[in-house]
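Residues per chain are reported as follows:
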Amino acid sequence: MNPHAQEIAPGVYYLSAGIANLYLVGEEATRFVMIDAGMHGYADTIRKAVENRFGAGAAPLYIALTHGHFDHAGSAAALAKQWHIPIYAHRMELPYITGKSNYPPPDPTVGGAMSLLGRFFPNRKVNLNGMVQTLGDSLPAMGGWQVHYTPGHTPGHVSFFRPSDRTLIAGDAFTTVDLDSFGSMATKKQEVSRPPAYFTCDWQRAHQSVEHLSDLAPRVLAPGHGIPMSSAEAGEQLRALAEQFPIPEKGRYANEPARADENGITYLPPAVSDPLPKVAAGIGVAAAAAGVTAALVARSRKVKRERKEREEQEAQKNEAA
């Protein structure tokens, strides 16, 4: 993590903590907020980055979450306790960050690079019970910022928009890196792309949310994953994504979404067959068998070599005698 925040719009600063981004909004050391809070274990690093930007002892008024996945809210509790500040989230997100309900299970069958890597994520639960408050239609004490309900990736996902300069903090409503491509992830190529497929549980609403955000005509795109974009091409790419949104052809939620209410999940579509564990197990068995075979061959060769050496020694002794 780079401990120095980068300004991407007036009074909007970008940090990357782990695999996800977070943002500081505000110009004054006594009047700024944090959007999202990175992964578990980043609290001290984030606090130092905040002090690098706003001075020793500086703390935000509160933390506002786009959603509660572990990579966006993992350090929220630790930071809120250190700073003695509240946390805000949409009412539809509260069940999943207060221990009332689990998120819909991630979908490793949807395909793509992140879905493969996601099998190895720690995916720790976030419990902010007693620390989180309900977010309204605007950011408290931060005039000019709107809260837009953008579900799909999660049931209570939100994005933050400032109409005065059309700055959009989008969470995981979309990304600016193609998380389905190992190459794009490695090079961090800027490209407006669909939300992280591994965790998206309602693709129709995710599409509708992208359409809604595109209608805002943002000029600065600040996502949860990928480097922020502020070129004229950024808005064009977002419009293109809204017009040709790539809903997966396969996966648990491809044809039927998870459903939820204010208490949490009410329905999950059936899990689909996941061949990878079986394939991996088969590969493991084959590898083990190959290893055993190689060991037996090596042992046989060693025995033959030692026998030949003994025979040669015996022959040499007989000649000497």
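Notes on the structure follow. Bear in mind the structure is a predicted one, so any value in this text is a computation, not a measurement.

1. A look at helix α1 (residues 43-54)
Structurally, the α-helix is built with 3.6 residues per turn, so residues lying three or four positions apart point the same way.
Right, so step 1: In this model, α1 (twelve residues) spans 16 Å end to end at C-alpha, consistent with the 16 Å of a helix rising 1.5 Å per residue.
Right, so step 2: When we look at burial in α1, the residues that qualify are A43, I46, A49, V50 and F54. Taken around the axis of α1, the buried residues stretch over an arc of 125 degrees, which confines them to a single face.
Right, so step 3: Check the buried side of α1 and you find it contacts β2 (12-17), β3 (20-28), β4 (31-35) and α3 (76-83).
Right, so step 4: Immediately downstream of α1, the backbone of G55 shows phi near 110 degrees, a positive value.

2. Some words on the sheet that holds strand β9 (residues 158-162)
Right, so step 1: Taken in spatial order, the four strands make up an open sheet running β8-β9-β10-β11, and their pairing is mixed. Each of the sheet's edge strands pairs with one partner strand only, and the pair in question is β8 (146-149) and β11 (220-223). With direction set aside, neighbouring strand axes in the sheet form an average angle of 20 degrees.
Right, so step 2: Summarising the sheet, β9 and strand β10 (residues 167-171) pair through three bridges and their orientation is antiparallel.

3. Considerations on empty space enclosed by the protein
Right, so step 1: Under the counting rule described, the total for this entry stands at one cavity of 30 Å³ or more.
Right, so step 2: Approximately 60 Å³ is the volume attributed to the largest cavity.
Right, so step 3: Residue composition of the lining of the largest cavity, by class: five nonpolar, three polar and two charged.

Conventions we followed
Residues numbered from 1 in each chain as written. Predicted model: local features only at pLDDT ≥ 70, side-chain atom pairs only at ≥ 80, totals over all residues. Heavy atoms only, no water. Helix = DSSP H or I, 4+ residues; strand = E, 2+ residues; numbered from the N terminus. Expected span 1.5 Å × (residues − 1). Buried < 20%, exposed > 50% of the residue type's maximum accessible area, 1.4 Å probe, protein only. Arc of directions from axis to C-beta. Contact = heavy atoms within 4.5 Å. Pairing = 2+ DSSP bridges. Axes fitted to C-alpha atoms, helices over the stretch in contact; angles between N-to-C directions. 1 Å grid on protein atoms, 1.4 Å probe; cavity = no way out; pocket = protein on both sides within 12 Å on 5 of 7 lines; lining within 4 Å. Points joined across faces, edges and corners; volume = space filled by probe spheres on them. Nonpolar A, V, L, I, M, F, W, Y, C, P; charged D, E, K, R; others polar.

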